[in-house]
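Chain and residue survey
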Amino acid sequence: MVWLYLVRHGETVWNAEGRLCGGSDIPLSPKGCHQAERLADRLRTVPFTAIYSSPLLRTRQTAEALARHHRLPVQIIPELSEIDYGDWEGMVVAELARRFPDAERSRTEDPLRFAAPNGEPFADFTKRVIAAIRSIADAHKGETVCVVAHQGVNRVALCWV
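The present account deals with the structure reproduced in this document.

This part is about the pattern of salt bridges. As a working rule, side chains carrying opposite charge can pair if their charged atoms are close by. All told, the structure shown has nine salt bridges when counted by the stated rule. Ionic pairing is found between R105 and D102, a salt bridge with its closest N-O pair at 2.6 Å. Of the two residues, R105 and D102 both sit in helix α5 (residues 101-109), three residues apart, roughly one turn of that helix. Exposure remark for D102: the relative accessible area of 57% places this residue in the exposed category. Residues E120 and R128 are paired through a salt bridge, measuring 2.8 Å at the closest nitrogen-oxygen approach. In terms of burial, E120 and R128 fall into one category: buried.

The description of an aromatic ring pair rests on the distance of the ring centres and on the angle between the ring planes. Summed over all chains, the structure comprises four aromatic pairs. With a centroid separation of 5.8 Å and 25° between ring planes, the pair formed by W88 and F100 is classed as stacked. Highlighted residues: W88 in the loop between β3 (74-76) and α4 (93-99) and F100 in the loop between α4 and α5, separated in sequence by 12 residues. On the accessibility criterion, W88 (1% relative accessible area) is buried. Under the relative-accessibility criterion, F100 is labelled partly exposed at 30%. Arranged with centres 5.5 Å apart and planes meeting at 40°, the rings of W88 and F114 form a pair that is tilted. Here W88, found in the loop between β3 and α4, pairs with F114, found in the loop between α5 and α6 (122-139); they are 26 residues apart in sequence, far enough to count as distant. The exposure classification of W88 matches that of F114, with both residues buried. Among the aromatic residues, ring-to-ring pairing joins W88, F100 and F114 into one connected group.

Parameters and conventions
- Sequence order as written defines residue numbering, which begins from 1 separately in each chain.
- Residue-level local features of this predicted model are given only where pLDDT is at least 70; pairs of side-chain atoms are given and counted only at 80 or more, and the full residue set underlies all totals for whole chains, interfaces and linings.
- Side-chain descriptors were evaluated using all non-hydrogen atoms of the structure, hydrogens and water having been removed beforehand.
- In the sections that follow, a salt bridge refers to a side-chain nitrogen of Lys or Arg positioned within 4 Å of a carboxyl oxygen of Asp or Glu.
- Segments assigned H or I by DSSP are reported as helices when at least four residues long, segments assigned E as strands when at least two residues long, and all are numbered from the N terminus.
- Burial classification: accessible surface area is computed with a 1.4 Å probe over protein chains only, and a residue below 20% of its type maximum counts as buried, one above 50% as exposed, and the rest as partly exposed.
- Pairing of aromatic rings covers Phe, Tyr and Trp, the last counted by its six-membered ring, and requires centre-to-centre distances within 6.5 Å; plane angles under 30 degrees mean stacked, over 60 mean edge-to-face, and any other angle means tilted.

Here it is, written out as structure tokens:
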């Protein structure tokens, strides 16, 4: 068995605005930096043996705050990146519902068959996330590991577990 701490990155300006960040490389907002530092302080006594992160800046910033307390390197795993929303990147979710009601309904009601225009199909996203989480878990049996990723990644990981 492995203990996986699934951490979502701190807030970005796009998160606060209700925008889809997806694969866009958005940094943490000042509030998000504060959240990352508070979380790092809160988890400072957890005996992590490894810290993994998506390559996107917002997750790396969060993971680096945790890593400082644990004196561990942040290991970057590209497969932990958030789903690529293609043409929808940066759009406000409320705007999607208004402009593309059928597609937005599909995204929330039938996600396994969903893909944003020029984006990553959700089924492909799910496969890569599960493979990454499985690989991390297999490499750390009997250990406690931190995985810093995204809302979508963490939801897929939780559903798989």
